[in-house]
2 protein chains.
Amino acid sequence: MQRKDPYHEHFSLFIKHLKGYQKTLARRKPKELYEACHYILELGGKRLRPVLALAACDVFGKHPDKALGAAMAVELFHNFSLIHDDILDNAPLRRGKPTVHEKWNTGLAILSGDVMLVEAQMAFNEYPPALAKNLATLFNKTAVEVCEGQQMDMNFETSTGVSVKEYLKMIGLKTAVLIGCSLQMGAMCAGAGIHNQKAIYVFGKNLGIAFQLMDDYLDVFGESHTFGKKTGGDILAAKKTFMLLKAMERLDSRGKKELKALITSRISDSEKISGVVRLYRQAGADILCLKEAEKHTRLAIKNLESIKAPAGKKEIMKQFALNLLQRAK
Amino acid sequence: MQRKDPYHEHFSLFIKHLKGYQKTLARRKPKELYEACHYILELGGKRLRPVLALAACDVFGKHPDKALGAAMAVELFHNFSLIHDDILDNAPLRRGKPTVHEKWNTGLAILSGDVMLVEAQMAFNEYPPALAKNLATLFNKTAVEVCEGQQMDMNFETSTGVSVKEYLKMIGLKTAVLIGCSLQMGAMCAGAGIHNQKAIYVFGKNLGIAFQLMDDYLDVFGESHTFGKKTGGDILAAKKTFMLLKAMERLDSRGKKELKALITSRISDSEKISGVVRLYRQAGADILCLKEAEKHTRLAIKNLESIKAPAGKKEIMKQFALNLLQRAK
């Protein structure tokens, strides 16, 4: 989170709330189970989802603390999904620290993820029944979609002929719906009407898709010092990203063959990256990725602007969203 | 389920409802994810938990179909826990069929368990907000306890000096609270008062503890043709059951040493079982296991009898419970 972040107060409010929760975890038993929950929650991050929940509540004129329960639910869910996804991906590290299944074991990682998924649900207990039910309904619909997206992503690893359309569907489910859900839950906590709720959801979902596309783009073309990780990682991992799938769709049979061979070849990393980048450019996949991100950004902003709320608050959220897409650039 | 089962209509009602749900699963995508959910739900079983939810609703004078949502929640949760526990236990088979992680893979087993845990929550959507919230609150409290019990059980595998008290705590969490929860949810669906709700919960929790203790006992002393599996399995797996822990507490240092050596020795299965049984009898662990089960059965019945409901309905539930504890004997 940058210092100039317009939502730094929302961030601090959430962190304070999270710290209180972390203290309760430290007292619970069996301690192994809750140590793992505490550990993953302590790894930090932008806390994007809970901040958006609080910010949405604010947009609709209520104090952000009204959305703290929803914010906790979405952050607990996000961390549950990180623990389980890291098992699925066999990932050794998260934020430079050992993943839960590496630090402890797979059994503990499965169980601590499970308990966090249940704890997420319990965060709705603080709301009156009608609101709690509405929040839980949206949240659970979203949670199912995230699982579906994760399964699609797993399927992609071994399937050939994944289409760009399927890829967009997958990132919509795996990443974007939870952003939309966070915002809509914040709006619900503020008592926003159904039109406004839907509009902020669609804003968030499209922001999430644009965010993932920019992530794909910057993984290849970003400056590593601003993007925060080495570029070319997706290429070296042969990850089926928007650009790879788009290039496979657009290249002629010779180019396609060359790209396939490059991705699986055992040449040096730098040779592989520069070869793939050349083919991405040849196919226009880099430009099309940016265009697709822009399309979803425009759709996001259009929905944000359709919301009945003070222009100043909407403008802050717009700038936050655009800043997020640009990262530190 | 035996033919003479007094709850065969409740069983049939639930199975019909489950079949409808299974049909919806068959249409959902990605199909791998929902195939695994369908598969585990199709493996069958007594459907003890949902049947108890419907039966409790009936005891309090409402048609059992009012509790179908709660019954689905508890059956989905139970099956989620089977999928994840089978990964933790590295179990190849469940009801004679390959476990989900064996039939597909661990990643799919984790994700399909996750999605069932979320679907369980969604089963409350059909209730009015206040009831849905009360059901979810009890359900989630119970779900956390089941995870804690499972973690305790995992810890027991590698820890020495587990006490009988800790064991009873563990089976209370891992097995018994979900029985109590199923019954209380059924009572809630019928609009039962808080005293009756609590009494039927305590009935169920003690029934669950007694059930697990009888399971431990019959695993050693049951007749395999009525119990349905080979006896001595727990001994051969060196499982820390009530009788093993009790014998370790009561034997003198020589007996303790002998029991420890036997459990880890590489002698023939039949020699190991007969040696351990001799020490169990010497320590009186067999009798104490039955006595502990009886104590919890009495406590269960006392709570059942305290409920304000027609004596006939309570008597049916009592006979069902006693029959469950006796298995086919």
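Caption draft 1: Region of interest: the pattern of salt bridges. Residues and elements named next belong to chain B. Tallying each qualifying case throughout the model produces 20 salt bridges over all chains. Taking the shortest distance from any N to any O, the salt bridge between Arg94 and Asp86 comes out at 2.8 Å. By relative accessible area, which is 23% here, Arg94 ends up partly exposed.

Caption draft 2: Fine view of unusual backbone geometry. All names here are of chain A. With omega at 0°, the peptide bond leading from Lys29 into Pro30 counts as cis. In this structure, Arg95 is a non-glycine residue whose phi angle is positive, near 50°. Structurally, Arg95 can be placed in the loop between β1 (93-94) and β2 (97-98).

Caption draft 3: Representation of the relation of the copies chain B and chain A within the structure. Rotating chain B by 180° about the axis while translating it 0.0 Å along that axis superimposes it on chain A, leaving an RMSD of 0.0 Å. Expressed as a symmetry operation, the mapping of one chain copy onto the other fits a two-fold axis. No C-alpha of chain B lies nearer the rotation axis than that of Pro129(B), which sits 2.6 Å from it. In this assembly the copies share their binding face: 98% of the residues contributing to the interface of chain B also contribute to that of chain A.

Caption draft 4: Region of the structure containing the interface of chain B and chain A. If you look at the interface, chain B gives 41 residues, while chain A gives 40 residues. Both faces combined, the contact of chain B with chain A buries some 3,200 Å², and carbon together with sulfur accounts for 73% of it. Linking chain B to chain A there are zero salt bridges. On inspection of chain B and its partner chain A, the count reaches 12 residue pairs in polar contact (both at pLDDT 80 or more). Put simply, the parts of the chain that give the side of chain B that touches chain A at least two residues each are α2 (31-42), α4 (68-88), α6 (106-122) and α7 (129-158) of chain B. No other element matches the 16 residues that α7(B) contributes to the side of chain B that touches chain A. Looking at side-chain class alone, the side of chain B that touches chain A contains 24 nonpolar, nine polar and eight charged residues.

Caption draft 5: Structural detail: the packing of aromatic side chains. Applying the stated rule across the entire model yields 12 aromatic pairs over all chains. With centroids separated by 5.3 Å and ring planes inclined at 75°, the aromatic side chains of Phe124(B) and Phe139(B) adopt a geometry described as edge-to-face. Within this pair, whereas Phe124(B) is found in the loop between α6 and α7, its partner Phe139(B) is found in helix α7, the two being separated by 15 residues in sequence. Accessibility assignment for this pair places Phe124(B) and Phe139(B) in one class, buried. Over the ring of Tyr201(A) we find Lys198(A), and its NZ or CZ is 5.8 Å from the ring centre. The ring of Trp104(B) has Lys103(B) lying over it, and the distance from NZ or CZ to the ring centre is 5.5 Å.

Caption draft 6: Here's a closer look at the state of the cysteines. In the structure shown here, the tally under the stated rule is zero disulfides over all chains. Between Cys37(A), a free cysteine, and Cys147(B), which holds the nearest cysteine sulfur, the sulfur-to-sulfur gap is 9.1 Å. Taking relative accessible area as the criterion, Cys37(A) reaches 2% and is therefore assigned buried. In this structure Cys181(A) is a free cysteine whose sulfur lies 10 Å from that of Cys189(A), the closest cysteine sulfur available. Note on Cys181(A): relative accessible area 0%, which makes it buried.

Caption draft 7: Fine view of the packing of helix α3 (residues 48-59) of chain A against helix α4 (residues 68-88) of chain A. Residue and element names in this part refer to chain A. Viewed as axis vectors pointing N to C, α3 and α4 meet at an angle of 160°, and their least axial separation amounts to 8 Å. Relative to α4, the element α3 is oriented roughly antiparallel. Between α3 and α4 lies a crossing of right-handed hand. Contacts from Arg49, Pro50, Ala53 and Leu54 in α3 reach Leu68, Ala71, Val74, Glu75 and His78 in α4. A per-class count over the contact of α3 with α4 returns six nonpolar, one polar and two charged.

Caption draft 8: Examining the side chain of Asp58(B) more closely. All names here are of chain B. Position of Asp58 among the secondary structure elements: in helix α3 (residues 48-59). A distance of 2.7 Å separates the side chain of Asp58 from the side chain of His10, its partner in a polar contact. Sequence-distant contacts of Asp58, defined by excluding residues within four places in its chain, comprise His10, Pro64 and Lys313.

Caption draft 9: A look at empty space enclosed by the protein. Counting across every chain of the model gives four cavities of 30 Å³ or more. Of the pockets and cavities examined, the largest cavity occupies roughly 190 Å³. Taken together, 16 residues form the lining of the largest cavity, with Ala132(A), Lys133(A), Ala136(A), Ala132(B) and Ala136(B) sitting closest to its centre. For the lining of the largest cavity, the secondary-structure elements that each account for two or more residues are α7 (129-158) of chain A together with α7 of chain B. Counted by class, the lining of the largest cavity contains eight nonpolar, six polar and two charged residues. One number sums up the size of the second largest cavity: a volume of about 60 Å³. Forming the boundary of the second largest cavity are Leu111(A), Asp114(A), Phe77(B), Phe80(B), Ser81(B), His84(B), Asp85(B), Val146(B), Cys147(B) and Gln150(B). Contributions of two or more residues to the lining of the second largest cavity are made by α6 (106-122) of chain A together with α4 and α7 of chain B. When residues of the lining of the second largest cavity are assigned to their parent elements, the largest contribution, five residues, is made by α4(B). When grouped by side-chain class, the residues that make up the lining of the second largest cavity number five nonpolar, three polar and two charged.

Rules of the game
Residues numbered from 1 in each chain as written. Chains lettered and ligands numbered in written order. Predicted model: local features only at pLDDT ≥ 70, side-chain atom pairs only at ≥ 80, totals over all residues. Heavy atoms only, no water. Salt bridge = Lys/Arg side-chain N within 4 Å of Asp/Glu carboxyl O. Buried < 20%, exposed > 50% of the residue type's maximum accessible area, 1.4 Å probe, protein only. Helix = DSSP H or I, 4+ residues; strand = E, 2+ residues; numbered from the N terminus. Least-squares fit on C-alpha atoms with pLDDT ≥ 70 in both. Contact = heavy atoms within 4.5 Å. Buried area = accessible area lost by both parts, 1.4 Å probe. Polar contact = N/O pair within 3.5 Å; in protein donor to acceptor, adjacent residues only side chain to side chain. Nonpolar A, V, L, I, M, F, W, Y, C, P; charged D, E, K, R; others polar. Phe/Tyr/Trp six-rings, centres within 6.5 Å; stacked < 30°, edge-to-face > 60°. Lys NZ or Arg CZ within 6 Å of the ring centre and 35° of its normal. Disulfide = S-S within 2.5 Å. Axes fitted to C-alpha atoms, helices over the stretch in contact; angles between N-to-C directions. Parallel < 35°, antiparallel > 145°, perpendicular 65-115°, else oblique. Left-handed = near helix turned anticlockwise from the far one by under 90°. 1 Å grid on protein atoms, 1.4 Å probe; cavity = no way out; pocket = protein on both sides within 12 Å on 5 of 7 lines; lining within 4 Å. Points joined across faces, edges and corners; volume = space filled by probe spheres on them.

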